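# Residue-level structure breakdown
Here is how the chains run, residue by residue.
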Number of protein chains: 2
Amino acid sequence: MGEFKHLCLVRFKEGVVVDNIIQELSKLATELDTVKYFGWGKDVLEQEALTQGFTHVFSMSFATAGDLAACMAHEKHAAFAATFMAALDKVVVMDFPFVTVKPAPEPEPAT
Amino acid sequence: MGEFKHLCLVRFKEGVVVDNIIQELSKLATELDTVKYFGWGKDVLEQEALTQGFTHVFSMSFATAGDLAACMAHEKHAAFAATFMAALDKVVVMDFPFVTVKPAPEPEPAT
């Protein structure tokens, strides 16, 4: 099955309670059926030349681009997105069909 | 088992043959045993205000931060990294232990 990813890299504004944001986002992802998969991470190597100041990554997967669009249009997402964007100092969002290279798909059986 | 991610967002320089780079990177990821998982994607929504000009995402997973460090120190990685970085117009790299929220882990069996 295909996997369509919605990936956000962010840096939060000073004073933002990041744990609360992550909790709200986790709740939203859990409630919305179109979200197949949600996870996040905080950069730990802190190599400023590589992170460009970004600190957190949020990753959601959908079955299709249509499911992503449906999620973005959902009123619960709209309500959250306003709070989320207001808490950010900088953000990059990428939306893409994910190509898995390794682990490789099972080889076709020999004929 | 834990999952430690190495994530790169990039924009390639004009004239770079991106398919060749992806092919080399796929070969490298397949050869290096510390790389548990490798995949990539190209942004398709092209919302410049959100992508900030980044076009491609590369995602590798390792069992531990130590395995990532071992991979980065490997001579095959060093050789590839020089070619890769020279092909980039801009790049962000994030390294983080990945926290999976959904699908949630299986609940403990009731006692």
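Now for a look at the structure at hand. Since we're looking at a predicted model, the values are computed, not measured.

Next up on the list: the environment of A:L28. All names here are of chain A. Along the chain, the position of L28 falls in helix α1 (residues 18-31). Sequence separation between L28 and V91 is 63 residues; the distance between their C-alpha atoms is 19 Å. Not counting residues up to four positions away in its chain, the partners in contact with L28 are K76, H77 and F80.

Residue and element names in this part refer to chain A. In this model, K102 is joined to P103 through a cis peptide bond whose omega is 5°. Within the element layout of this structure, P103 appears in the segment after β4 (88-102). With a phi angle near 55°, Q52 is a residue other than glycine that sits in the positive phi range. Examined against the element boundaries, Q52 turns out to sit in the loop between α2 (48-51) and β3 (56-62).

So, about the interface of chain A and chain B. On the side of chain B, 43 residues touch chain A, which itself brings 43 residues to the contact. Together, the buried faces of chain A and chain B total about 3400 Å²; carbon and sulfur atoms form 68% of this surface. Counting the contacts that link chain A with chain B gives 23 residue pairs in polar contact (both at pLDDT 80 or more). Every element with two or more residues in the side of chain A that touches chain B is listed here: β1 (4-12), α1, β2 (37-42), α2, β3 and β4 of chain A. Counting residues per element, the side of chain A that touches chain B draws most heavily on β4(A), which supplies twelve residues. Taken together, the residues that form the side of chain A that touches chain B break down as 26 nonpolar, eleven polar and six charged.

All names here are of chain A. At a minimum axis separation of 11 Å, α1 and helix α4 (residues 75-86) run at an interaxial angle of 165°. Considering the angle they form, α1 stands roughly antiparallel to α4. Crossing of α1 against α4: the hand is left-handed. Of the residues in α4, those in contact with I21, E24, L25, L28 and E31 of α1 are K76, H77, F80 and F84. Looking at the contact of α1 with α4 residue by residue, the class counts come to five nonpolar, one polar and three charged.

Throughout the structure, instances matching the rule amount to twelve aromatic pairs over all chains. With centroids separated by 6.4 Å and ring planes inclined at 80°, the aromatic side chains of B:F12 and B:F58 adopt a geometry described as edge-to-face. Of this pair, B:F12 sits in strand β1 (residues 4-12) while B:F58 sits in strand β3 (residues 56-62), and the two are 46 residues apart along the sequence. For the pair formed by B:F12 and B:F58, the shared burial category is buried. An aromatic cluster is built from A:F12, A:F58, A:F80 and A:F84, whose rings are joined through pairwise contacts. It is A:K90 that lies over the ring of A:F54; its NZ or CZ is 4.5 Å from the centre.

Procedures and definitions
- Residues numbered from 1 in each chain as written.
- Chains lettered and ligands numbered in written order.
- Predicted model: local features only at pLDDT ≥ 70, side-chain atom pairs only at ≥ 80, totals over all residues.
- Heavy atoms only, no water.
- Helix = DSSP H or I, 4+ residues; strand = E, 2+ residues; numbered from the N terminus.
- Contact = heavy atoms within 4.5 Å.
- Buried area = accessible area lost by both parts, 1.4 Å probe.
- Polar contact = N/O pair within 3.5 Å; in protein donor to acceptor, adjacent residues only side chain to side chain.
- Nonpolar A, V, L, I, M, F, W, Y, C, P; charged D, E, K, R; others polar.
- Axes fitted to C-alpha atoms, helices over the stretch in contact; angles between N-to-C directions.
- Parallel < 35°, antiparallel > 145°, perpendicular 65-115°, else oblique.
- Left-handed = near helix turned anticlockwise from the far one by under 90°.
- Phe/Tyr/Trp six-rings, centres within 6.5 Å; stacked < 30°, edge-to-face > 60°.
- Buried < 20%, exposed > 50% of the residue type's maximum accessible area, 1.4 Å probe, protein only.
- Lys NZ or Arg CZ within 6 Å of the ring centre and 35° of its normal.

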